[in-house]
Structures are given as structure tokens and as C-alpha cells.
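Residues per chain, in single letters:
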Amino acid sequence: MGTGIVAAAVFVLAVGGAAIALRPGFGRLPRGERLERIRRSPNYRDGAFRNRQPTALMTSGGGRFRALWNYLTADRKGRYPERPVPAVRTDLRGMPLSDNWMVWFGHSSYLLQLDGKSILVDPVFHWAAPVPFVNRAFPGTELYAPADMPDIDCLVITHDHWDHLDYRTVKELRTRVKKVVCPLGVGAHFEYWGFDRNMLVELDWQECAALDTAPAIRVHCLPARHFSGRGLIPNKTLWASFLLETPSMKVYIGGDGGYGTHFAAIGREHPGIDLAILENGQYSDDWRYIHLLPRWLGQAAADLKAKRLVTVHHSKYALARHRWDEPLENELRAAEEYSLDLTVARIGEAVPLAGSRSAAGSDGRGEKP
């Protein structure tokens, strides 16, 4: 009897898991010409993309499933805010095109207005996981939806993890996006979801594309120390950081990833970075090489020689066991230790950037959430 019940439970879980995996949100792995291009990449070896430095995914000794179990069974106290996270609504469609600004939507989603062009990064306005009851957003953080976005000149996706690439969000934005910039292989998901292949700009590390905008925007695809995958098969698509170069600004988009030698290399190869947007949150010593630990946050910004720092990847989801507001303390500590010009913005707040009239005379500091 007991064996039969266990077998039945395993069967139900297997069928349920297969049904979930067949959902369109899981996307599609690269194939055909795209896969042939991937196989020619110097960053693709033995059937998978690889980091530049040796990078263990898990460093706890217990593996991914043990880490997941520890996360699910850990005390939730402090990981979720007791009150709604402070946030403001900005009329994004009514913002002046002549100004440079940034609006952060919580976690790693944000909108940049640079030299009259709208650039949306890793938008997640629905689900940050395959099912909605996992990774629920903090109260107060869900003020925006795809319909609130202006027309998008460039949609930037740093990698295909669920908390950076939301199927429902990008489907709803499809008709209002001119170009999609993503790492090599990620375009397979977008084609599967109905995006025209001519809209897609897929880049390998150290490749650069000039978008056909006026004024022109140059996008440099740069290394990051992370991993990828929307299902059980990892690293079939690339992960990346990006540098946006416009006539008035250089903006570094860090994406996800642990500390490594690539930060200093990028700082040397691309001097004069005006703004660095770095991850700060969802870290753990159990995965210390694939997310930026607090002790390395300031060093990464210093390596980049960035004039100004904004941190993301926090204040909306609890994907690690640290207190929800611990990243807010970390960034202040890093800014003081490394003498960084830190901007701390509330979710939804329009932050003026250099190169715009609104930025004149600003000290670059916002209010702590």
C-alpha cells in the first residue's frame, strides 16, 4: 500500500512537472542557424556556455536541491517587509524626451531615457517564476504594468532567468518594442514567442552593435559571472552585462553575477563610465560566485571606475535568506568605504542622470526606501 501511494505521488508530480514545463513561458532552446553560431562562440565548450573564471554554481556542498530546501524551510522573519515598500507612480509617457533619467521598478527592472531614447531593462511585471505563487512580490511594489511603459526603442535582456525575462510582460510589450538586445541564444525564446527575427540583436561577449536610432546608440555585450536557463537544462544561452554608449552618457548594466576580474577589465577597456547599475541582493555564501556578495559591491564599482552607482536586484522579491532591507544598508556602507557617488531611489521615482537639464545641480542622492 505504502509503495503504491509513493509511486502514485511520484507519477502525479512527474505529470504535473511535465505539464508545467510544456507551458510557452519556458521558451525554446536554440536550434538551427542560431545553435551553429553558438557552437562557434569561444565562450561555448562541451555543449554549454562557460564563465571566464572557474565558477562553481553551489559552494555549500549540498547542491542546488539542498539549497532550495533550506530556503523553503528557513524562518521567513525579516525576509519580507512588515509594511508596504515605499514607492511612487510616475507618468512615464509624460516625461520629457529631452532629459536623461532612470526609473527603477524594483528588483532588476528599470527604464532608462537616454538622449531621447527609451531603453527598458529586464522588465518583470507579472511572474518572476514559472508559477505565480512562487516569488511573490512585496506589498507596495506592483505599481507598474506593461501598459504603463512608453514605446520602447530598445529592450535589453541580460539573461533568461525568470526574474529577468517574464514571458507575459514581453508578450504584452511586443508591438511597442523596436529592438531587442540580448545575449547569444536568448533570441530563441523571443522568436518562439512571436517576435520578428529582424527585431533581435543577439550578441556574444566582446561584440558591439550600433542600433539604427538617431542619435545612434552603441551597445557593447560584456562578460558577467553567472549562469542561465529557464528549465532543468542550464547554460544553453549566454548571460551578459552591457554598456550603453550614447552621445552624452556611458551606462553600464551589470545584470546578475558574482565578483571577478571582468569588472577591472571593463573599467580599463571602457573608461569614463557615467553610471554603473549593479546587483545588490539575493546573495548567499552558498552561491558566492554567481551573485555579488556585499563585501564585493564597492570593489566592483571601484574597478569599473564608475562616476555614479545605482544598485538593483532587491526590494521586491525574497530569493535568498538575508533580511529584505539588508541590501539598502550594504550600498550605504559600500559608498562610504569606497567614496562612491551613490543614488538611492524609491521604486517608481524618476532619477535625473548626467547629460540632461534636470540633472544640473543634483547631488545624485535620493531618499532611502
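From a predicted model like this one, the values you see are computed outputs, not experimental measurements.

What counts and what doesn't
Residues numbered from 1 in each chain as written. Predicted model: local features only at pLDDT ≥ 70, side-chain atom pairs only at ≥ 80, totals over all residues. Heavy atoms only, no water. Helix = DSSP H or I, 4+ residues; strand = E, 2+ residues; numbered from the N terminus. Buried < 20%, exposed > 50% of the residue type's maximum accessible area, 1.4 Å probe, protein only. Contact = heavy atoms within 4.5 Å. Areas by Shrake-Rupley, 256 points an atom, 1.4 Å probe, with all protein chains shown as cover. Axes fitted to C-alpha atoms, helices over the stretch in contact; angles between N-to-C directions. Parallel < 35°, antiparallel > 145°, perpendicular 65-115°, else oblique. Left-handed = near helix turned anticlockwise from the far one by under 90°. Nonpolar A, V, L, I, M, F, W, Y, C, P; charged D, E, K, R; others polar.

Bringing the overall build of the chain into the picture now. Along its length, the chain carries eight helices and 15 strands. Each of the 369 residues in the chain was classed as buried or not, and the buried ones make up 54%. Contacts spanning at least 24 positions in sequence make up 71% of the contacts within the chain whose residues lie at least 6 apart. In the form shown here, the chain has an accessible surface area of approximately 16,400 Å², with 54% of it arising from carbon and sulfur atoms.

Moving on to the packing of helix 7 (residues 294-304) against helix 8 (residues 326-338). Contact geometry of helix 7 with helix 8 gives a least axis separation of 9 Å together with a crossing angle of 50 degrees. One finds that helix 7 runs oblique with respect to helix 8. Remark: the crossing between helix 7 and helix 8 carries right-handed chirality. Note on element contacts: helix 8 touches helix 7 through Asn330, Glu331, Ala334 and Tyr338, opposite Pro294, Leu297, Gly298, Gln299 and Ala302. Counted by class, the contact of helix 7 with helix 8 contains five nonpolar, three polar and one charged residues.

Turning our eyes to something else, we now look at the environment of Leu211. Mapped onto the secondary structure, Leu211 falls in strand 9 (residues 208-211). Judged by relative accessible area, which is 4%, Leu211 ranks as buried. Sequence separation between Leu211 and Val181 is 30 residues, and the spatial gap between their C-alpha atoms is 9.4 Å. Those residues in contact with Leu211, other than ones at most four positions away along the chain, are Cys154, Val181, Val201, Ala216, Ile217 and Val219.

As far as function goes, none of this settles anything; it's purely spatial.
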